[in-house]
Amino acid sequence: QVQLVESGGGLVQAGGSLTLSCAASGSIFSIAAMGWYRQAPGKQRELVAGITSGGSTNYRDSVKGRFTISRDNAKNTVYLQMNSLKPEDTAAYYCNAGVARSGTSGYKAYWGQGTQVTVSS
């Protein structure tokens, strides 16, 4: 089995910073792309940032210049550094990873349990 465990969420004032972490564990052979999504109450889940195994990144327009995604392949961990946070960034943040399990073929998408980020004005 594969598990993704997020940490680092919390309550912060507007303009503040938070760093989210997501560690993958289990019978992992390889991890392809990893990413962070978020979902606010009453809204659809949306992609915030993604990173390939080679380190190429992409961001949604509203977070460009404020958020930075990175990964440590040796630790199977992805990070999201969030600066200049705004109230509209308030949401549950979910980690996602495409994982090939040991002894199997192909990649499957796995999700973390989510971590809440609340930005007060």
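Below you will find a few notes about this structure. (Residues numbered from 1 in each chain as written. Predicted model: local features only at pLDDT ≥ 70, side-chain atom pairs only at ≥ 80, totals over all residues. Heavy atoms only, no water.)

**What about the layout of surface pockets?**
Point 1. Empty space within the largest pocket amounts to approximately 180 Å³.
Point 2. Taken together, 13 residues make up the lining of the largest pocket; nearest its centre are Arg 38, Ala 40, Lys 43, Glu 46 and Glu 88.
Point 3. Its residues placed into classes, the lining of the largest pocket shows two nonpolar, four polar and seven charged. (1 Å grid on protein atoms, 1.4 Å probe; cavity = no way out; pocket = protein on both sides within 12 Å on 5 of 7 lines; lining within 4 Å. Points joined across faces, edges and corners; volume = space filled by probe spheres on them. Nonpolar A, V, L, I, M, F, W, Y, C, P; charged D, E, K, R; others polar.)

**Section: the nonpolar core**
Point 1. With 29 residues, the main nonpolar core has Trp 36, Val 48, Phe 67, Val 78, Leu 80, Met 82 and Tyr 93 as its most contacted residues.
Point 2. If one sorts the elements of this core by residue count, strand β9 (residues 91-101) sits on top with five residues.
Point 3. Filtering out sequence-adjacent residues up to four positions away, Tyr 93 remains in contact with Glu 6, Leu 20, Trp 36, Tyr 37, Arg 38, Val 48, Phe 67, Leu 80, Met 82, Gly 114, Thr 115 and Val 117. (Core = buried A, V, L, I, M, F, W, Y, C linked by side-chain atoms within 4.5 Å. Buried < 20%, exposed > 50% of the residue type's maximum accessible area, 1.4 Å probe, protein only. Helix = DSSP H or I, 4+ residues; strand = E, 2+ residues; numbered from the N terminus. Contact = heavy atoms within 4.5 Å.)

**A few points about the sheet that holds strand β3 (residues 18-26)**
Point 1. Pairing is antiparallel across the open sheet formed by four strands, whose spatial order is β1-β3-β8-β7. Looking along the sheet, the strands with just one partner apiece sit at the ends: β1 (2-7) and β7 (67-72). For this sheet, the mean angle separating the axes of adjacent strands, direction not counted, is 15 degrees.
Point 2. Of the pairings in the sheet, the one linking β7 to strand β8 (residues 77-82) comprises six bridges and is antiparallel in character. Of the residues in β8, the one forming a bridge with Arg 71 is Val 78. (Pairing = 2+ DSSP bridges. Axes fitted to C-alpha atoms, helices over the stretch in contact; angles between N-to-C directions.)

By themselves these figures say nothing about function.
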